[in-house]
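The primary structure of each chain is shown beneath.
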Amino acid sequence: MGHLVHASSRRSKIAGLCVALLLAAGIIAERAAAITTDPQANVHGFYDTLLNTMKNGRALGQSGRYARLAPVVDRVFDVPSMTRLAVGPSWATLPAAQQQQLTEAFRHYIAATYADRFDNYSGEQLQVTGERPYNADVIVETKIVKSNGEATTLNYLMRQNQGSWQISDVYLDGSISQVAVQRSEFNSILRREGVDGLVMALNRKVDLLGKGEAKSS
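Residues numbered from 1 in each chain as written. Predicted model: local features only at pLDDT ≥ 70, side-chain atom pairs only at ≥ 80, totals over all residues. Heavy atoms only, no water.

1. A short note on helix 4 (residues 79-87)
An α-helical turn contains 3.6 residues, so a residue and the one three or four places further along point in the same direction.
Here is step 1: Within helix 4 the residues assigned to the buried category are V79, S81, M82, T83, A86 and V87.
Here is step 2: Residues of helix 4 that are buried make contact with helix 3 (57-76), helix 5 (96-117), strand 3 (151-161), strand 4 (164-172) and helix 6 (178-211).
Here is step 3: Immediately downstream of helix 4, the backbone of G88 shows phi near 90°, a positive value. (Buried < 20%, exposed > 50% of the residue type's maximum accessible area, 1.4 Å probe, protein only. Helix = DSSP H or I, 4+ residues; strand = E, 2+ residues; numbered from the N terminus. Contact = heavy atoms within 4.5 Å.)

2. Focus on the pairing of strand 3
Here is step 1: Pairing geometry for strand 2 (residues 137-145) and strand 3, over eight bridges, is antiparallel. Counted as the bridge partner of I139 is L157 from strand 3.
Here is step 2: Hairpin geometry of strand 2 and strand 3 is characterised by an intervening segment of five residues between the two adjacent antiparallel strands and by a positive phi of about 95° at G149.
Here is step 3: Taking the residues that link successive antiparallel strands as the turn, the strand 3-strand 4 hairpin has two residues, and the phi of Q162 there is positive, at about 55°. (Pairing = 2+ DSSP bridges.)

3. Section: the nonpolar core
Here is step 1: Residues F46, Y47, L50, F77, Y114 and Y156 are the most contacted members of the largest nonpolar core, which totals 48 residues.
Here is step 2: Not counting chain neighbours up to four residues away, the residues in contact with Y156 comprise V43, F46, Y47, F77, Y114, V138, I139, V140, T142, I167, D169 and V170. (Core = buried A, V, L, I, M, F, W, Y, C linked by side-chain atoms within 4.5 Å.)

4. Regarding the pairing of strand 1 (residues 125-134)
Here is step 1: Sheet topology places strand 1 next to strand 2; nine bridges connect them, and they run antiparallel. Note on strand 2: the bridge partner recorded for V128 is T142.

5. What to know about the pattern of salt bridges
Here is step 1: Scanning the model with the defined rule gives six salt bridges in all.
Here is step 2: The salt bridge involving D74 is made with R107; its shortest N-O contact spans 2.2 Å. Residue D74 is located in helix 3, and its partner R107 is located in helix 5; the two are separated by 33 residues in the primary sequence.
Here is step 3: For R107, a relative accessible area of 17% translates into the label buried.
Here is step 4: The closest approach of N and O atoms between R132 and E141, which form a salt bridge, is 2.8 Å.
Here is step 5: Within this structure, D74, E104 and R107 form a network of salt bridges that share partners. (Salt bridge = Lys/Arg side-chain N within 4 Å of Asp/Glu carboxyl O.)

6. What about the packing of helix 4 against helix 5?
Here is step 1: At a minimum axis distance of 9 Å, the contact between helix 4 and helix 5 shows a crossing angle of 105°. Relative to helix 5, the element helix 4 is oriented roughly perpendicular. Side by side, helix 4 and helix 5 meet where V79, P80, M82, T83 and V87 of the first sit next to L102, T103, F106, R107 and I110 of the second.
Here is step 2: When grouped by side-chain class, the residues that make up the contact of helix 4 with helix 5 number seven nonpolar, two polar and one charged. (Axes fitted to C-alpha atoms, helices over the stretch in contact; angles between N-to-C directions. Parallel < 35°, antiparallel > 145°, perpendicular 65-115°, else oblique. Nonpolar A, V, L, I, M, F, W, Y, C, P; charged D, E, K, R; others polar.)

Structural data, given as structure tokens:
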């Protein structure tokens with residue numbers, strides 16, 4: 001009997017050691033993944049999904065492209081921050097429910113815009129060319145190169161949000177801030193029609209993009 005108890009105790013210790021080793025391996029793997037997640041890696045991942053969506057763009061249609069891109073946009077873009085900056089100072093005066101409405105509408109609009117702009121593949125290359133510091137943030141530099149060699153610079157302002165690098169602004173031609181352009185447009189609508197009018201305007205743009213009746217600005 002003593003031998004059986006000793007063997008059972010030994011097996012329990014071995015099992016406990018195995019569990020501890022598995023947990024430690026999981027923690028190490030999680031930390032390694034966190035360490036390798038950097039601003040360029042996140043943009044690379046976004047571009048991989050975007051390129052794959054473009055190559056299947058005609059078969060997917062606008063709704064299919066949107067369905068593929070929306071989860072990636074949600075992960076890679078800091079939509080709440082972008083919405084707050086696009087609305088401007090009046091954001092702080094809005095009730096939480098209206099802030100949430102605007103954020104969700106803007107989230108849909110960003111995904112629909114990419115689904116519209118990158119609707120098919122004609123030999124384009126989506127290149128991540130480097131990064132540079134911008135105060136406490138990082139600007140990831142990219143180029144969209146057409147098959148004829150024509151290139152468009154598209155840079156992403158990245159900020160750390162809960163340990164992950166996320167896009168908080170997009171610069172067309174390397175200098176035109178998407179958030180600044182949208183702030184001007186949003187403020188105009190807010191003055192005329194209020195928060196409900198802005199939510200409706202964003203949702204209307206998403207609907208039009210989905211029907212192929214309007215191009216994103």
